[in-house]
Amino acid sequence: MSVDLSKYKKDFPILHRKVRGDNPLIYLDNGATSQKPESVIAAESNFYRTINSAVHRGAHLLAEEASQAYESARENLANFIGAKTDEVIFTKSATESLNMIAYSLGNPDSKFNVSAGDEIVVSEMEHHANLIPWQQLAKRSGAKLRWFSITKDGRIDTSNIDTLINKKTKVVAITHQSNVFGTIVPLTEITKAAHAVGAVVVLDACQSAPHFAVDVKKLDVDFLAFSGHKALGPTGVGILWGRTELLEKLEPALFGGSMVDSVSMEGATWAKAPRKFEAGVPNMAQAVGLSAAIDYLNMVGMEKIAGHEADLTKQLLDGISKISGVDVIGPLDMKDRGGVVSFTVDGVHPHDVGQVLDQYGIAVRTGHHCAWPLMRKLNLVGTTRASFHLYNDSSDITALLAAIEQVKIYFKVGK
Amino acid sequence: MSVDLSKYKKDFPILHRKVRGDNPLIYLDNGATSQKPESVIAAESNFYRTINSAVHRGAHLLAEEASQAYESARENLANFIGAKTDEVIFTKSATESLNMIAYSLGNPDSKFNVSAGDEIVVSEMEHHANLIPWQQLAKRSGAKLRWFSITKDGRIDTSNIDTLINKKTKVVAITHQSNVFGTIVPLTEITKAAHAVGAVVVLDACQSAPHFAVDVKKLDVDFLAFSGHKALGPTGVGILWGRTELLEKLEPALFGGSMVDSVSMEGATWAKAPRKFEAGVPNMAQAVGLSAAIDYLNMVGMEKIAGHEADLTKQLLDGISKISGVDVIGPLDMKDRGGVVSFTVDGVHPHDVGQVLDQYGIAVRTGHHCAWPLMRKLNLVGTTRASFHLYNDSSDITALLAAIEQVKIYFKVGK
Amino acid sequence: MELDSLYQEVILDHYKSPKHKGLSEQKDIQVHHNNPSCGDEVTLNLLMSGQIVKEISWDGIGCSISMASASVMSELLIGKSYQEAIKILDAFVELMQSKGQSVGDENLLEDGVAFAGVSKFPARIKCALLGWMAFKDASAQVMA
Amino acid sequence: MELDSLYQEVILDHYKSPKHKGLSEQKDIQVHHNNPSCGDEVTLNLLMSGQIVKEISWDGIGCSISMASASVMSELLIGKSYQEAIKILDAFVELMQSKGQSVGDENLLEDGVAFAGVSKFPARIKCALLGWMAFKDASAQVMA
Ligand SMILES: Cc1ncc(COP(=O)(O)O)c(C=O)c1O
Ligand SMILES: Cc1ncc(COP(=O)(O)O)c(C=O)c1O
């Protein structure tokens, strides 16, 4: 059942690079950011070369064409996640998306506003981007921040869900897939509990939307965020999706041009979503580039990408299990698990592991992965993390496993 | 004293386009966004093709190179505005920069925080991006928003500056150059008055920094914002500059990865500026692209650009003064005036003016220019605005003047 | 010239001499619609008599397209039944979305077919629809 | 291999058997420094006796470079005058910024020259400086 996606690798110019001497680049840091196919790079360039102008503003041909391209990008993104077009908001990143929604939910003029006495629920394995904005909202509003614990194998402990999510809960903000463990959360259980008490669910889809099919209606969440740059798209663009009924009831968080219905010196009223949430001249070229990335993902097929990444994950888990002194952090089985594998090497700091791998042309991430509370909980200084995308292949895993053996030799592990 | 920049036009691919039949594109909508030279487009593409990876995060060669490119871009931007490197923060746009600083100044944990009883001063000719964030801060904090009036010829009326800026004033947020009139504000008078009462000055440099030399030290302001896309740079990147001493005392507004000093489930502490203000994987390719735009501007020379735009402005003002039924909105003289000219045609709505100009390949902006309160004040439904950059030339003005005559004929003005 | 397909003589005539402009005292309801991207505004008074559109009066500021369209709309819809009015409105909206592919049903739309060319200028479609949307909103509220 | 210029034998030795690690009771001041991008941490106790660095003890978690560097730093600076210590510190910082162009002054830096290779790896410079910056901070506070 192995999936062959080898023909796509040639579309990614950077993967032809040699690094550290004559090593071909083996890029396994996709959890941090993904590489871009030529079609995405060209989409951004072509925008500048042919139709660049401020959308929704000018009375001229370029503005018409730019607006058309920008709004088509929105439609394409909406289809990608099973949403309505006007529910998709272009932001600069998932980080901005999550901060925006936290500000909006905390605005006293929002119909749905978080205030003192309310509770916000997150988990111990959130990325800082889905933790600190909620800490800050709690601080501003007087609401209380609570969280799901993590089990030893890196899954969310839902044993206390009935008390954790209760009548005071207004927001449950949770990651779809852990950027440290690769574990996929039991979302149905969580959305059911949240909706039963009238709370909204904010999903951090940074590590899921770029790697397997995500449908907001099927997931039954209320808000969703992800970054374009992890989904083969340009840097500088992210997505915030929200249900129409909720977007209508929320105040925006960023104020400026193109988001108003009317303005006087004393105050302003807002346009409808998505405009309301997109103040200023937007990141047009990046939105158009992200749309090209979505086209590329659709062309390859999200099912195939997920299958391919599962194959690679299994190969790496199997390989590591055969190396003494090297431990996987997170589940060893393939159940509810994406293409992210964290591991440690006995007595060798992750930073040093990464440095040796780099010498062989292998790019991984080392450290706390912006999930510092999780590292403390696990009593780890950090991990080394390999994470995949469609252009990785079995030979990358073989090379990684061989290089891990070299790490052990270099640092005399077990000697 | 006329400046010839004609050799640079070829560097801008979009300017070779034909529009609406066989008309060469005459792009006079630079106040909304500027066009990009090939070197900027290439800088962004090359980032993706050669070194794309998450800055400050990976322990591998690409991450080293990307971090180096990103931080060099910061240094380049800092030099461009006479700032220290660590004072320059990459945002997504001027709109974000201005919103961020408004949030930061309103955070009760900021040493310098705006609260009830304080006053915020703006002007009647602010762009919505430098008005609504302050309205909202006033609303959140209980502070009072006050403003400078505008004289009939589009200048700031400073006659009441002594009462307007007083001991209660905490922030003066002002545009450097009006995006409607092209008028440059009397900044020295304003910064003196503000600093005398201990208020900070936030400068909206959207229409100045891309067009003439701006030095934050000489201007003696405290914060400054501008957008990359108006300065020949990519979309999706802006600058927020702030004085070191002030940045140190401010809480950030956007929370997430790479901006922390330490994080627990209960709370977090922040890294130093600029990191503190750059949560998440940044818009790296756009920052690098903007740096290439700055290189381009420096290569041409900001003095030459300003001189060239002054020539074009004078030509247009002179030309319009000779057409009956067509009026310039804003000063008719060249004193303290940049390359933006707003005008009206008797009995023809700006939208219709723009449409006719478009038919001749001329791209202008029509409407309220995101300065709605100003339009109300002037009793105008809007204006038609021509705005320049270095690639415009005298023949563009000649074509515009001829097309304005056609507007009059088409709509039978004066018949 | 492409421009002539946008600015039909009929449109310029209605712009210079708009019909039913100036708000009448008699009304069941008043609505205010605007187009924030260009600042165009329309205030519309509607008086129904049972199922029949008895009177439409309006005022506003805006470009030739938005003003002429409000004028044509009021002339067309006054005296029609609510059902007929909505049918005409739907036909007009469809024409606007036709991207220059439709000439419009002259029996139904009368002077309204002059706006066929607008559908080739995406930025102007909102202008042409401003008055119509105000009527749609007002009549829906009265008939509710 | 380029890697060997980074991980000199001296560095790996100090990493395996760090000197002055373990916080001593005697101190004028304690400082805590960390490197948020990788999570490395150092706590440093400093005891001065007049102008003389009497004792440095430290604890921490981090990579081989940061731990070995703290070890080398404490060994080097104990017993030196404040002035000498700062001179050595400045020389070490300069070496780190040399982008592989300097081999370092062995008379001044002793084992510290083993870190010359670090200067070719921009991401690791912060690691090598962690303990040194903690000393700089602590001594400046005591001497202030
Ligand atoms: C004076 C002024 N301020 C602020 C802005 C907002 O810039 P942006 O939309 O790029 O954020 C603009 C341009 O739209 C402007 O002209
Ligand atoms: C799970 C998760 N959430 C949020 C983020 C933040 O994304 P960005 O830095 O692109 O805003 C990331 C990636 O860094 C992530 O992996």
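Computed from a predicted structure; not experimentally measured.

As for the interface of chain A and chain B
Listed per partner, the contact involves 94 residues of chain A and 94 residues of chain B. Note on chain A versus chain B: buried area summed over both sides is about 7500 Å², and carbon and sulfur give 58% of it. Looking at the side of chain A facing chain B, the largest losses of area belong to Y48, F255 and M265 of chain A, adding up to 11% of the total buried there. In this assembly, chain A and chain B are joined by 10 salt bridges. Linking chain A with chain B are 41 residue pairs in polar contact (both at pLDDT 80 or more). Counting residues per element, the side of chain A that touches chain B draws most heavily on helix α1 (residues 38-51) of chain A, at 8 residues. Its residues placed into classes, the side of chain A that touches chain B shows 41 nonpolar, 33 polar and 20 charged.

Notes on the packing of helix α10 (residues 302-321) of chain B against helix α13 (residues 394-410) of chain B
Residue and element names in this part refer to chain B. Where α10 meets α13, the axes come as close as 10 Å, and the angle between the chain directions of the two elements is 20°. Regarding the angle of α10 to α13, the classification is roughly parallel. Our pair here, α10 against α13, has a crossing hand that is right-handed. Side by side, α10 and α13 meet where L312, Q315, L316, G319 and I320 of the first sit next to S394, I397, T398, L400 and L401 of the second. By residue class, the composition of the contact of α10 with α13 is 6 nonpolar, 4 polar and no charged.

A look at the site of ligand 2
In the vicinity of ligand 2, 16 residues are found, and the nearest of them are T95, D204, S227, H229 and K230 of chain A. The environment around ligand 2 is built from residues contributed by chains A and B. Take S227 of chain A: an N or O atom from its side chain is 2.5 Å from an oxygen atom of ligand 2. Coverage of ligand 2 by the protein chains reaches 99% of its 390 Å² of free accessible surface. Counted by class, the shell around ligand 2 contains 4 nonpolar, 9 polar and 3 charged residues.

Regarding the interface of chain D and chain A
Listed by partner, the interface residues are 25 residues for chain D and 17 residues for chain A. Between chain D and chain A the total buried area reaches about 1800 Å² when both faces are included, carbon and sulfur atoms providing 53% of it. Considering only the surface of chain D that becomes buried against chain A, L3, Y7 and C38 of chain D emerge as the three largest contributors, covering 24% of it. A salt bridge links D352 of chain A to R124 of chain D, with the nearest nitrogen and oxygen atoms 2.9 Å apart. Counting the contacts that link chain D with chain A gives 11 residue pairs in polar contact (both at pLDDT 80 or more). Within the residue set of the side of chain D that touches chain A, elements represented by two or more residues are α1 (2-6), α2 (9-16), α3 (64-77) and α6 (122-143) of chain D. Of the residues belonging to the side of chain D that touches chain A, the class tally is 14 nonpolar, 5 polar and 6 charged.

Points about the relation of the copies chain A and chain B
The transform that puts chain A on chain B rotates by 180° and translates by 0.0 Å along the axis, for an RMSD of 0.0 Å. Here the copies are linked by what is in effect a two-fold axis. Here 100% of the interface residues in chain A have copies in chain B that are interface residues too; the copies meet face to matching face.

Overview of the site of ligand 1
Residue and element names in this part refer to chain B. As a matter of local geometry, ligand 1 sits amid 16 residues, with T95, D204, S227, H229 and K230 nearest to it. At 2.5 Å, a side-chain N or O of D204 approaches a nitrogen atom of ligand 1. Contacts to ligand 1 include Q207, whose side-chain N or O atom sits 2.7 Å from an oxygen atom. When the residues that make up the shell around ligand 1 are grouped by side-chain class, the tally is 4 nonpolar, 9 polar and 3 charged.

A word on the sheet that holds strand β1 (residues 29-35) of chain C
Backbone-to-backbone hydrogen bonds join strands into a sheet, with any given pair of strands oriented parallel or antiparallel. Residue and element names in this part refer to chain C. Taken together, the 3 strands give an open sheet; going across it, the order is β1-β2-β3, and neighbouring strands pair in antiparallel fashion. Looking along the sheet, the strands with just one partner apiece sit at the ends: β1 and β3 (52-61). Between one strand and the next, the sheet's axes are offset by a mean angle of 20°, whatever the strand orientation. As judged from the 7 bridges shared by β1 and strand β2 (residues 40-49), these two strands associate in the antiparallel manner. Among the inter-strand pairings, Q30 is bridged to a residue of β2, identified as N45. In this fold helix α6 (residues 122-143) packs onto β1, β2 and β3, with an angle of close to 35° to the strand it touches most, β2.

Section: the domain arrangement of chain A
All names here are of chain A. Domain annotation for chain A reports domain 1 (6-30 + 301-411) and domain 2 (40-298). Spacing between the C-alpha centres of domain 1 and domain 2 amounts to 28 Å. Contact with domain 1, which involves 36 residues of that partner, is made by 30 residues of domain 2. Counting each side, the surface lost to burial between domain 1 and domain 2 is near 2700 Å², with a carbon and sulfur contribution of 59%. On the domain 1 side of the interface with domain 2, the three residues burying the most area are M302, C370 and L374, jointly 23% of the side's total. Where domain 1 packs against domain 2, one counts 2 salt bridges.

What to know about the arrangement of the chains
Ranking the 5 pairs of chains in contact by number of contacts places chains A and B first. In this view chain C stays clear of chain D, with the nearest C-alpha atoms of the two still 44 Å from each other.

Brief notes about the packing of aromatic side chains
Residues and elements named next belong to chain A. All chains considered together, the criterion is met by 25 aromatic pairs over all chains. Here the aromatic rings of F80 and F226 are separated by 6.5 Å at their centres, their planes lie at 50°, and the arrangement is tilted. Of this pair, F80 sits in helix α2 (residues 61-80) while F226 is found in strand β10 (residues 223-227), placing the two residues 146 residues apart along the sequence. Like F80, the residue F226 is buried in the burial classification. Every member of this aromatic cluster is reached through a ring pair, and the members are Y8, F12, Y296 and Y391. One residue, K170, lies across the ring of F112, its end atom 5.9 Å from the ring centre.

Regarding the pairing of strand β9 (residues 200-204) of chain B
Residue and element names in this part refer to chain B. With respect to burial, β9 is a largely interior element, 5 of its 5 residues being buried. The pairing of strand β8 (residues 169-175) with β9 spans 5 bridges and is classified as parallel. If you follow V171 over to β9, its bridge partner there is V200. Regarding the hand of the β-α-β motif, the stretch spanning β8, helix α6 (residues 187-196) and β9 is right-handed. Across 3 bridges, β9 lies against strand β10 (residues 223-227) in parallel orientation. Bridge pairing links L203 to L224 in β10.

Calculation notes
Residues numbered from 1 in each chain as written. Chains lettered and ligands numbered in written order. Predicted model: local features only at pLDDT ≥ 70, side-chain atom pairs only at ≥ 80, totals over all residues. Heavy atoms only, no water. Contact = heavy atoms within 4.5 Å. Buried area = accessible area lost by both parts, 1.4 Å probe. Salt bridge = Lys/Arg side-chain N within 4 Å of Asp/Glu carboxyl O. Polar contact = N/O pair within 3.5 Å; in protein donor to acceptor, adjacent residues only side chain to side chain. Helix = DSSP H or I, 4+ residues; strand = E, 2+ residues; numbered from the N terminus. Nonpolar A, V, L, I, M, F, W, Y, C, P; charged D, E, K, R; others polar. Axes fitted to C-alpha atoms, helices over the stretch in contact; angles between N-to-C directions. Parallel < 35°, antiparallel > 145°, perpendicular 65-115°, else oblique. Left-handed = near helix turned anticlockwise from the far one by under 90°. Near = heavy atom within 4 Å. Areas by Shrake-Rupley, 256 points an atom, 1.4 Å probe, with all protein chains shown as cover. Least-squares fit on C-alpha atoms with pLDDT ≥ 70 in both. Pairing = 2+ DSSP bridges. Domains from an automatic or database assignment. Phe/Tyr/Trp six-rings, centres within 6.5 Å; stacked < 30°, edge-to-face > 60°. Buried < 20%, exposed > 50% of the residue type's maximum accessible area, 1.4 Å probe, protein only. Lys NZ or Arg CZ within 6 Å of the ring centre and 35° of its normal. Right-handed = clockwise from strand over helix to strand, strands pointing away.

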